[in-house]
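Architecture at a glance
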Amino acid sequence: SMGMAKSKRNSSFGMGSVFLIVIACFVGLVTWGIFNRSNGIETEELKPGATHPHTFSYAPDGQTVWLGTHAGLYEWKNKKWMKTLSPLGKNDIMGLEIDPSKPENILVSGHGFVKRTIDGGKSWTAAETGLPNQPKPDMPDAHQFTMDPKNSNHLFTLLAGKGENLFESQDG
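Residues numbered from 1 in each chain as written. Predicted model: local features only at pLDDT ≥ 70, side-chain atom pairs only at ≥ 80, totals over all residues. Heavy atoms only, no water.

1. Notes on the overall build of the protein chain
Within the protein chain, the secondary structure is distributed over 1 helix and 11 strands. Beginning at the N terminus, the succession of helices and strands in the protein chain can be written as α-β-β-β-β-β-β-β-β-β-β-β. When contacts within the protein chain are restricted to residue pairs at least 6 apart in sequence, long-range pairs at least 24 apart make up 32% of them. Summing over all exposed atoms, the protein chain offers an accessible surface of approximately 11400 Å²; the carbon and sulfur share of this is 60%. (Helix = DSSP H or I, 4+ residues; strand = E, 2+ residues; numbered from the N terminus. Contact = heavy atoms within 4.5 Å. Areas by Shrake-Rupley, 256 points an atom, 1.4 Å probe, with all protein chains shown as cover.)

So, in structure tokens, the structure goes:
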């Protein structure tokens, strides 16, 4: 009878191991679904009612459509709005311009920032010289932004608020 007890204990332990393996596989699949396997960047779908759009543009590839929202920048992919350019995080994207002569040069604006990338969105720097940019995080409150299509260094931004709120740059 001692042999039977040992057999039951081994059987019970085996089922527990199988259960743990199944749970580990499930957690692994869920984790893999949250993270894009090719580049490790978190993928996030924009859900209806989560925010509202501010700007709408083609991406530098001329085929993908981008949507700027209070919660970041999204691209239309597989009939869903998916987060893109993850270094922008959840910045409130209200203005978006892409240099037609150098599509890797992109400028974005919104509540508390104007930012530029020269590497297609991998890294971003502030582009606020000459703008009232204090107090942070609210200034500059750059609601509109545009680039001259014939001269990418000729820029205009329109800040929210009263008074002097239209700013022009001739040198980018």
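2. Digging into the side chain of Thr 84
Tracing the backbone shows Thr 84 in the loop between strand E4 (80–83) and strand E5 (95–98). A relative accessible area of 13% means that Thr 84 is categorised as buried. Leaving out residues up to four positions away in the same chain, Thr 84 has contacts with Trp 66, Leu 73, Tyr 74 and Glu 75. (Buried < 20%, exposed > 50% of the residue type's maximum accessible area, 1.4 Å probe, protein only.)

3. Here's the deal with the sheet that holds strand E7 (residues 113–117)
The strand order across the open sheet formed by 4 strands is E5-E6-E7-E8, and the pairing between neighbours is antiparallel. Every other strand in the sheet has two partners, leaving E5 and strand E8 (125–126) as the edge strands with one partner each. Where E7 lies against E8, 2 bridges are found, and the strand directions are antiparallel. Counterpart to Lys 115 in the pairing with E8 is Ala 126. (Pairing = 2+ DSSP bridges.)

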